[in-house]
Amino acid sequence: MGYKDLKFEKNALFLVTGGAGFIGSNLCEAILDMGYKVRCLDNLSTGRYENIEKSTLNPDFTFIKGDIRDLDTCMDACRDVDFVLNQAAWGSVPRSIEMPLLYEEINIRGTLNMMEAARQTGVKKFVYASSSSVYGDHPVLPKQEGREGKLLSPYALTKRVDEEYGRLYKVLYGLDTYGMRYFNVFGRRQDPNGMYAAVIPKFIRQLMDGQVPTIHGDGRQSRDFTYIDNVIEANLKACLAPSEAAGEAYNIGAGGREYLIDVYYDLCKALGKDVEPEFGPARPGDIRDSNADISKARQMLSYDPEYDFEKGINLAIDWYKENL
Ligand SMILES: NC(=O)c1ccc[n+]([C@@H]2O[C@H](COP(=O)([O-])OP(=O)(O)OC[C@H]3O[C@@H](n4cnc5c(N)ncnc54)[C@H](O)[C@@H]3O)[C@@H](O)[C@H]2O)c1
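Residues numbered from 1 in each chain as written. Predicted model: local features only at pLDDT ≥ 70, side-chain atom pairs only at ≥ 80, totals over all residues. Heavy atoms only, no water.

(A) Representation of the packing of helix α6 (residues 199-208) against helix α8 (residues 260-270) in the model. Interhelical geometry of α6 versus α8 gives an angle of 40 degrees and a closest axis separation of 10 Å. As far as their axial angle goes, α8 and α6 are oblique. Handedness of the crossing formed by α6 with α8: right-handed. Facing α6, whose interface residues are V199, I200, F203, I204 and L207, α8 presents L260, V263, Y264, L267 and C268. (Axes fitted to C-alpha atoms, helices over the stretch in contact; angles between N-to-C directions. Helix = DSSP H or I, 4+ residues; strand = E, 2+ residues; numbered from the N terminus. Parallel < 35°, antiparallel > 145°, perpendicular 65-115°, else oblique. Left-handed = near helix turned anticlockwise from the far one by under 90°. Contact = heavy atoms within 4.5 Å.)

Shown next as structure tokens:
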């Protein structure tokens, strides 16, 4: 079952931090469509107001422009909230290698502020974005919770620390926290622009603009590319998960494994382009292969992803064709 039929209390209020970003804005929209109230907190640093423009027309939606690095802002945002979906963070492994201090401030301190505010205001469930990057250099595939290797980037470290705080906030304070280890999410509204853009929207944009995309490494790296609707499902099901499942982190993937070079040619075909890519050096900090064992999330959160890669990529391509 997907997420659209999930039921919460009639007046349930969700706080989505990072709600003007790719994943956050999709969460806001999905929750509003289901008839519940959403408060969105975002400082618009990497997110865009246009992502939430449609939601602002809904009386059940409120937007706070603010920063999770400020505890008072987090406290105000959490008041009367039932569920926090904490997505605010800076993404990108390479950028974190350039700016480790900023990543520490936003991704660790910001998330800690949010957990603390949620604890003090009596939030019921605190669901937060982690990342498959926490697996570091552990070679075993598929990736399984509890089998993590040495971390490869400051970004991965920030997510690992968030997970430890998540565990502690459950053990020490009884806050029900659920870490979502997303595996390369893609879909509508993911930003295709800039040097830190994720690979799928970046390739789509470059191919549509007649540019020649660059693949870092040999293209044989593999990923469990996960469609956005699976991520929405995971977040909402975590809000309904039992307390016994809290204090833990969960792989949120689609359970597939795609080689980047194959994805590239799939995109070329779907967009009617016949362009050979350029190859550049592999990027430091990147994991070579990553696909998720999702049995823990299936068991504990009833996560049952509806979209495999093929179904998701076709929807994503259609969206970019209409919206770019
Ligand atoms: N997209 C993926 O494939 C992926 C994979 C693993 C983990 N994640 C995690 O999921 C979350 C959402 O990622 P996304 O892809 O939607 O990124 P995004 O950049 O589109 O969204 C992040 C949002 O957070 C906001 N933000 C950043 N710093 C903030 C701050 N200090 N205060 C308030 N708001 C702030 C940004 O303005 C933006 O709107 C992040 O935590 C990211 O690390 C994403």
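The discussion continues.
(B) Region of interest: the environment of L71. Topologically, L71 is positioned in helix α2 (residues 71-78). Between the C-alpha atoms of L71 and Y165, which are 94 residues apart in sequence, the distance is 16 Å. Setting aside residues up to four positions removed in sequence, L71 forms contacts with N113, E116 and A117.

(C) How the structure looks around the pattern of salt bridges. Taken as a whole and assessed by the stated rule, the structure comprises 23 salt bridges. When the shortest N-O distance is used, the salt bridge between E29 and R189 registers 3.4 Å. Of the two residues, E29 is situated in helix α1 (residues 22-33) and R189 in the loop between β7 (185-186) and α6; the sequence distance between them amounts to 160 residues. For the residue pair E29 and R189, the accessibility class agrees, reading buried in each case. Ionic pairing is found between R188 and D229, a salt bridge with its closest N-O pair at 2.9 Å. One end of the pair, R188, is in the loop between β7 and α6; the other, D229, is in helix α7 (residues 228-239), and 41 residues separate them in sequence. Across the pair, exposure class does not vary: R188 and D229 are buried alike. Among the charged side chains, a salt-bridge network with shared partners connects E148, R160, E163, E164, R167 and R181. (Salt bridge = Lys/Arg side-chain N within 4 Å of Asp/Glu carboxyl O. Buried < 20%, exposed > 50% of the residue type's maximum accessible area, 1.4 Å probe, protein only.)

(D) Highlighting the site of the ligand. Neighbouring the ligand are 29 residues; D42, T46, D67, Y155 and V185 lie closest to it. Between the ligand and I68 there is a distance of 3.0 Å, counted from a nitrogen atom to a backbone nitrogen or oxygen. Side-chain polar atom of Y155 to an oxygen atom of the ligand: 2.6 Å apart, as the coordinates give it. In isolation the ligand exposes 810 Å². Once the protein is present, 90% of that is buried. For the shell around the ligand, the secondary-structure elements that each account for two or more residues are α1, β5 (125-131) and α5 (154-173). If one sorts the elements of the shell around the ligand by residue count, β5 sits on top with three residues. Per-class residue counts for the shell around the ligand are 13 nonpolar, 12 polar and four charged. (Near = heavy atom within 4 Å. Polar contact = N/O pair within 3.5 Å; in protein donor to acceptor, adjacent residues only side chain to side chain. Areas by Shrake-Rupley, 256 points an atom, 1.4 Å probe, with all protein chains shown as cover. Nonpolar A, V, L, I, M, F, W, Y, C, P; charged D, E, K, R; others polar.)

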